Amino acid sequence: MSIQTVGIIGAGTMGNGIAQACAVSGVNVVMVDISDAAVAKGLATVSGSLDRLIKKEKITEADKAAALSRIQTSTSYDDLKSAQLVIEAATENYDLKVKIVKQLDAMLAPEAIIASNTSSISITKLAAVTTRADRFIGMHFFNPVPMMALVEIIRGLQTSDATHAAVHDLSTRLGKSPITVKNAPGFVVNRILVPMINEAFFVLAEGVATAKDIDAGMMLGCNQPIGPLALADMIGLDVCLAVMDVYLQEFGDSKYRACPLLKEMVAAGQLGRKTGRGVYTY
């Protein structure tokens with residue numbers, strides 16, 4: 001299957017980023033959200049992002065106009081019927097994703113593929129609520145989508161080879177570098193990344209080094225562009241804690257226990273950049 005039109009559920013940060021990546025690469029997009037205001041905001045974000053690329057001389061005004069012409073916005077799922085692939089990019093909530101996936105399954109063409117942009121929810125479990133489990137897959141994009149090269153393609157237990165091949169082909173057409181991952185908690189990147197962040201909190205709590213020196217050590221010694229504690233502030237300490245709790249529950253392994261300092265900071269409402277204070281003050 002050659003995917004020419006992609007439907008996207010959600011016009012927020014991830015949804016509009018995926019829409020931009022598709023449109024710039026010549027793929028038609030139908031971006032759906034719950035209100036006209038939501039889709040208009042998403043489209044405005046894409047337009048602003050393209051303007052920044054024009055200023056950097058990476059695209060032209062004509063390129064921007066062509067990309068925007070490929071994005072159709074809507075508040076109706078009916079407009080997704082022309083899509084060969086629909087990517088669900090809604091809030092990271094299992095019940096909400098199940099509701100969306102069931103709606104899509106009931107109205108899309110039988111051969112259409114459904115993908116979820118989830119970063120933590122089981123693809124196998126989501127696929128099981130559909131009548132097309134073989135045509136269900138995970139496409140985990142990374143923020144900011146237009147700039148980040150990676151897409152984790154997650155195969156559920158039921159995902160067919162043909163579905164994987166079609167989605168892998170699309171990902172490369174979008175200029176991404178996909179990796180294929182079996183369904184497992186955290187997939188690959190977050191499975192490694194978040195426990196590393198958690199360990200940085202243990203090092204901080206034990207007074208081994210200051211936050212600034214811990215981050216400097218990882219940046220200078222491991223060539224990371226940002227230290228783990230600063231990254232935690234960017235992600236949100238509450239999100240990091242929630243992910244660690246999921247790993248502990250799913251794996252039943254004590255190595256995934258959340259650092260008490262991380263728990264304390266979340267309890268205090270010190271969640272990072274979004275609250276103005278986390279490991280660092282903003």
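Our subject is the structure listed above.
Residues numbered from 1 in each chain as written. Predicted model: local features only at pLDDT ≥ 70, side-chain atom pairs only at ≥ 80, totals over all residues. Heavy atoms only, no water.

S.K.: What exactly am I supposed to notice about the nonpolar core here?
M.R.: Soluble globular proteins tend to pack their nonpolar side chains together in the buried interior. Ranked by size, the top nonpolar core spans 36 residues in total, and within it Val-6, Ile-18, Leu-85, Ile-87, Met-139, Phe-141 and Leu-170 carry the most contacts. The residues contacting Ile-18, other than those within four sequence positions of it, are Ile-8, Ile-87, Ala-89, Asn-117, Phe-141 and Val-145. By size, the runner-up hydrophobic cluster in this structure holds 24 residues, among which are Ala-200, Phe-201, Tyr-256 and Ala-258. (Core = buried A, V, L, I, M, F, W, Y, C linked by side-chain atoms within 4.5 Å. Buried < 20%, exposed > 50% of the residue type's maximum accessible area, 1.4 Å probe, protein only. Contact = heavy atoms within 4.5 Å.)

S.K.: Sorry, what's going on with the packing of helix α7 (residues 189-205) against helix α9 (residues 228-235) here?
M.R.: A packed helix pair is summarised by two numbers, namely the angle formed by the two axes and the spacing between the axes. Interhelical geometry of α7 versus α9 gives an angle of 115° and a closest axis separation of 9 Å. For α7 against α9, the interelement crossing comes out left-handed. Note on element contacts: α9 touches α7 through Pro-228, Leu-229, Leu-231, Ala-232 and Ile-235, opposite Leu-193, Met-196, Ile-197, Ala-200, Phe-201 and Leu-204. By residue class, the composition of the contact of α7 with α9 is 11 nonpolar, no polar and no charged. (Axes fitted to C-alpha atoms, helices over the stretch in contact; angles between N-to-C directions. Helix = DSSP H or I, 4+ residues; strand = E, 2+ residues; numbered from the N terminus. Left-handed = near helix turned anticlockwise from the far one by under 90°. Nonpolar A, V, L, I, M, F, W, Y, C, P; charged D, E, K, R; others polar.)

S.K.: Looking at this structure, how should I read the pairing of strand β1 (residues 5-9)?
M.R.: The element β1 is largely enclosed, with a buried count of 5 among its 5 residues. Alternating positions in β1 separate into two faces, Thr-5, Gly-7 and Ile-9 on one and Val-6 and Ile-8 on the other, with burial throughout. Where β1 and strand β2 (residues 28-32) come together, 5 bridges link them in parallel fashion. Across the sheet, the residue bridging to Thr-5 is Asn-28, located in β2. (Pairing = 2+ DSSP bridges.)

S.K.: Looking at this model, I keep getting lost on a nonpolar patch on the surface. Mind explaining?
M.R.: Among the surface-exposed residues, Ile-179, Val-188 and Ile-192 lie close enough to one another that they form a single nonpolar patch of about 240 Å² accessible area. Mapping Ile-192 onto the fold places it in helix α7. Given the relative accessible area of 59%, Ile-192 is considered exposed. (Patch = residues over 30% accessible without salt bridge, like charges linked within 9 Å, V, L, I, M, F, W, Y side chains within 5 Å. Areas by Shrake-Rupley, 256 points an atom, 1.4 Å probe, with all protein chains shown as cover. Salt bridge = Lys/Arg side-chain N within 4 Å of Asp/Glu carboxyl O.)

S.K.: Got a minute to help me understand the state of the cysteines in this structure?
M.R.: Think of a disulfide as a covalent bridge from one cysteine sulfur atom to another cysteine sulfur atom. Tallying each qualifying case throughout the model produces 0 disulfides. Residue Cys-222 stays outside any disulfide, its sulfur separated by 18 Å from that of Cys-240, the closest cysteine. Classification of Cys-222 by relative accessible area gives partly exposed; the value is 46%. Cys-259 carries a free sulfur, and the closest cysteine sulfur to it, the one in Cys-240, is 12 Å from it. For Cys-259, a relative accessible area of 1% corresponds to the buried category. (Disulfide = S-S within 2.5 Å.)

S.K.: For this particular structure, what's the right way to read the packing of α9 against helix α10 (residues 237-251)?
M.R.: Between α9 and α10, the least distance of the axes is 6 Å, while the angle of their chain directions is 100°. Here α9 lies roughly perpendicular to α10, going by the angle between them. In contact with Ala-232, Asp-233 and Ile-235 of α9, α10 contributes Leu-237, Val-239 and Cys-240. The residue makeup of the contact of α9 with α10, split by class, is 5 nonpolar, no polar and 1 charged. (Parallel < 35°, antiparallel > 145°, perpendicular 65-115°, else oblique.)

S.K.: It is not clear to me how helix α6 (residues 161-173) should be interpreted in this structure. Could you clarify?
M.R.: One full turn of an α-helix is made of 3.6 residues, so residues set three or four places apart face in the same direction. Under the 1.5 Å per step criterion, the end-to-end length of α6 is 18 Å for 13 residues, consistent within 8% with the ideal 18 Å. Among the residues of α6, those classed as buried are Thr-163, His-164, Ala-166, Val-167, Leu-170 and Ser-171. Buried residues of α6, seen end-on, are gathered within an arc of 165° and therefore sit on one face of the element. Facing away from the buried surface of α6 by more than 90 degrees, the exposed residues are Asp-161 and Ala-162. Its buried side turned inward, α6 meets β1, β4 (85-88), β5 (113-116), β6 (136-141), β7 (150-155) and β8 (177-182). One or two residues past the end of α6 sits Gly-175, with phi positive at roughly 80°. (Expected span 1.5 Å × (residues − 1). Arc of directions from axis to C-beta.)

S.K.: Even after reading the chapter, I still don't get the sheet that holds β5, so can you show me in this structure?
M.R.: Where strands meet in a sheet, backbone hydrogen bonds hold them as pairs that are either parallel or antiparallel. Taken together, the 8 strands give an open sheet; going across it, the order is β3-β2-β1-β4-β5-β6-β7-β8, and neighbouring strands pair in mixed fashion. Because the sheet does not close on itself, it has two edges, and the strands there are β3 (71-74) and β8. Mean inter-strand twist for the sheet, computed between neighbouring axes without regard to direction, equals 25°. Relative to β5, β4 is paired through 4 bridges, and the arrangement is parallel. Bridge pairing links Val-86 to Ile-114 in β5.

In short, shape yes, function no, at least from these values alone.
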